[in-house]
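Residue strings, one per chain:
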Amino acid sequence: MRAVVAENGRLEVRDYADPVPEAGEILVAVRACGICGSDIHTLAHGEEVAALEVVLGGGAGFDPASPYVLGHEFCAEVLDAGAETFGFDAGDLVVSMPFLLRPSGVVPLGFAHSEPGGYAERMVLTGGICLKVPNGLDHRRAALTEPMAVALHAVNKSGIKQGDAAVIVGCGPIGLAIIPWLRLRGIEPIVAADFSAKRRELALELGADLAVDPRDEAVTDAWRRVDGAKELVIFEAVGTPGMIDSVVSMAPSRARLLIAGVCMPPDTFRPFVAIIKELSMQFVYCYDGDEFAEALQAIAEGEVVVDSLITGTVGLDGVSEAFRLLGDPEDHVKILIEPGSGPEVLHVST
């Protein structure tokens, strides 16, 4: 099969060994796979990722100099089932949390050398954690289940409730994905901030009440202008050094801070400022199985509308160019890889 193989910080389309399902697994054809910011970061900073894996107790399993196939935001079509795998028919569309459960341990799809992730024509999945795509939902929207689950987990961990207000700092894919979940819970006002005019426009489409350029107005000043009285939850979704300190500095007293932006380098903030304001700070990562299933169902039922997040599709031969294009926030938010399509990056309207 063909796959986009990462090695030594480069992407190359190659012939790759066909995956073979073990007992309890299914063989699938990838219909769509999202390009995530963590994919871009892993390619550019693989040695840093490998070092952090050791720090976090994951051993030394990841080596950026050895070939691997990225991709953990996928929707796929069932081709065949391994032994002791039941409940799936050829042609079923499925999504799954991005790992395999094997007797030897957990295999993180998209960040493993032993099995390909979603930047490939085919992959294998653990049948017991696959979910069939309901309601005739198309493969593009279904592929957003994983990032929408990340955003849902952030909202859940924030403890936000009706009667609270929300501020979103950074309108990248996760910052934008948080907004529909807040709107679904009746949170208002929702005030977003980003340097990109395109992403501010998308924030409004997804349900924000106000979107501001932080060069013109601090986002907490904008919140005070439209509300200023409710308890405030601030979602930091940028993930660059200095952002936590910036959010601590701008936050009103007794605000709750939800840190969803993934900052890889060391960072600092001034604890005394947070102390005298009596701020609460929560860091979040990933999601659980119930949140993953809830995200799929909410997309399928139209409770959260994800269309605006999808700004382009690309075939395997165009993935390197898609990585380059994602560096410009005025052009794209989420590009989906469709292994059966051509190389061009296409703007889509759904």
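Remember, it's a predicted structure, so these values are computed and weren't measured experimentally. (Residues numbered from 1 in each chain as written. Predicted model: local features only at pLDDT ≥ 70, side-chain atom pairs only at ≥ 80, totals over all residues. Heavy atoms only, no water.)

**Quick word on the overall build of the chain**
- When helices and strands are counted, the chain shows 11 helices and 17 strands.
- Against the 2.2 N^0.38 benchmark of 20 Å for 350 residues, the chain shows a C-alpha radius of gyration of 20 Å, consistent with a compact globule.
- By its C-alpha atoms, the chain is 60 × 40 × 40 Å across when sized along the principal axes.
- Burial analysis of the chain (350 residues in total) assigns 53% to the buried set.
- Considering only contacts within the chain whose residues lie at least 6 apart along the sequence, 71% involve residues at least 24 apart.
- Counting 26 positive and 51 negative side-chain charges, the chain places the averaged centre of each group 6 Å from the other. (Helix = DSSP H or I, 4+ residues; strand = E, 2+ residues; numbered from the N terminus. Rg over C-alpha atoms; globule rule 2.2 N^0.38 Å. Buried < 20%, exposed > 50% of the residue type's maximum accessible area, 1.4 Å probe, protein only. Contact = heavy atoms within 4.5 Å. Lys, Arg positive; Asp, Glu negative; His and termini not counted. Charge placed at Lys NZ, Arg CZ, Asp CG, Glu CD.)

**Some remarks on the packing of helix α4 (residues 145–158) against helix α10 (residues 289–300)**
- One can describe the packing of α4 onto α10 by two numbers: an axis separation of 8 Å at closest approach and a directional angle of 115°. With respect to α10, the axis of α4 lies roughly perpendicular. The crossing of α4 and α10 is right-handed. For the pair α4 and α10, contact is made by Thr145, Glu146, Met148, Ala149, Leu152, His153 and Asn156 and by Glu291, Phe292, Glu294, Ala295, Leu296 and Ile299, respectively.
- A class-by-class count of the residues in the contact of α4 with α10 yields 7 nonpolar, 3 polar and 3 charged. (Axes fitted to C-alpha atoms, helices over the stretch in contact; angles between N-to-C directions. Parallel < 35°, antiparallel > 145°, perpendicular 65-115°, else oblique. Left-handed = near helix turned anticlockwise from the far one by under 90°. Nonpolar A, V, L, I, M, F, W, Y, C, P; charged D, E, K, R; others polar.)

**Considerations on the environment of glycine 61**
- Topologically, glycine 61 is positioned in the loop between α2 (46–55) and β4 (73–81).
- Taking the relative accessible area as the measure of exposure, glycine 61 reaches 53% and is therefore exposed.
- For the pair formed by glycine 61 and histidine 113, sequence separation is 52 residues and the distance between their alpha carbons is 8.3 Å.

**Some thoughts on the pairing of strand β11 (residues 190–193)**
- Of the two faces of β11, the one carrying Ile190 and Ala192 and the one carrying Val191 and Ala193 are both buried.
- Relative to β11, strand β10 (residues 165–169) runs parallel, the two being bridged by 4 bridges. In the sheet register, isoleucine 168 faces β11, and the bridge partner there is alanine 192.
- Once the chain exits β10 it traverses helix α5 (residues 173–184) before rejoining the sheet at β11, and the crossover so formed is right-handed.
- Handedness of the crossover is the feature at issue here: the chain leaves β11, passes through helix α6 (residues 197–205), returns alongside strand β12 (residues 210–212), and the resulting connection is right-handed. (Pairing = 2+ DSSP bridges. Right-handed = clockwise from strand over helix to strand, strands pointing away.)

**Some points on the pattern of salt bridges**
- Scanning the model with the defined rule gives 24 salt bridges in all.
- Residue glutamate 12 pairs with arginine 14 through a salt bridge whose shortest N-O separation is 3.3 Å.
- Residue classification places arginine 14 among the partly exposed residues on the basis of a relative accessible area of 27%.
- Close ionic contact of arginine 102 with glutamate 115 constitutes a salt bridge, the shortest N to O distance being 3.1 Å. With arginine 102 in strand β6 (residues 99–102) and glutamate 115 in the loop between β7 (105–108) and β8 (122–126), this pair connects stretches of sequence that are 13 residues apart. (Salt bridge = Lys/Arg side-chain N within 4 Å of Asp/Glu carboxyl O.)

**Some remarks on the packing of aromatic side chains**
- For the structure shown, the criterion picks out 3 aromatic pairs.
- Between phenylalanine 62 and tyrosine 68, the ring centres sit 5.0 Å apart and the planes meet at 75°, which makes this aromatic pair edge-to-face.
- Classification of tyrosine 68 by relative accessible area gives buried; the value is 1%.
- Between tyrosine 287 and phenylalanine 292, the ring centres sit 5.7 Å apart and the planes meet at 35°, which makes this aromatic pair tilted. Each member of the pair, tyrosine 287 together with phenylalanine 292, is buried. (Phe/Tyr/Trp six-rings, centres within 6.5 Å; stacked < 30°, edge-to-face > 60°.)

**Some details on empty space enclosed by the protein**
- Scanning the entire structure with this criterion turns up 1 cavity of 30 Å³ or more.
- Counted as a void, the largest cavity has a volume near 40 Å³.
- Lining the largest cavity, in full, are Leu144, Pro147, Met148, Pro173, Ala177, Leu309 and Lys334.
- Elements supplying a minimum of two residues to the lining of the largest cavity: α4 and α5. (1 Å grid on protein atoms, 1.4 Å probe; cavity = no way out; pocket = protein on both sides within 12 Å on 5 of 7 lines; lining within 4 Å. Points joined across faces, edges and corners; volume = space filled by probe spheres on them.)

**Comments concerning the confidence of the model for the chain**
- Per-residue confidence for the chain gives a mean pLDDT of 92; residues scoring 70 or more make up 95%.
- Segment residues 54–59 is flagged for pLDDT under 50; beyond a separation of four residues in sequence, or across chains, it makes 4 contacts in the model. (pLDDT = per-residue confidence, 0-100.)

**Quick notes on a negative patch on the surface**
- Side chains of Asp288, Asp290, Glu294, Glu301 and Glu303 sit close together on the surface and give a patch of like negative charge.
- Here glutamate 301 lies in the loop between α10 and β16 (310–314). (Patch = residues over 30% accessible without salt bridge, like charges linked within 9 Å, V, L, I, M, F, W, Y side chains within 5 Å. Areas by Shrake-Rupley, 256 points an atom, 1.4 Å probe, with all protein chains shown as cover.)

**A short note on the sheet that holds β10**
- Taken in spatial order, the 6 strands of this open sheet run β12-β11-β10-β13-β14-β15, and their pairing is parallel. A single partner strand is all that each edge strand has here, and the edge strands are β12 and β15 (280–283). This sheet shows a mean twist of 20° between the axes of neighbouring strands, independent of strand direction.
- The pairing of strand β14 (residues 256–259) with β15 spans 4 bridges and is parallel. Across the sheet, residue leucine 258 finds its bridge partner in β15, namely glutamine 282.

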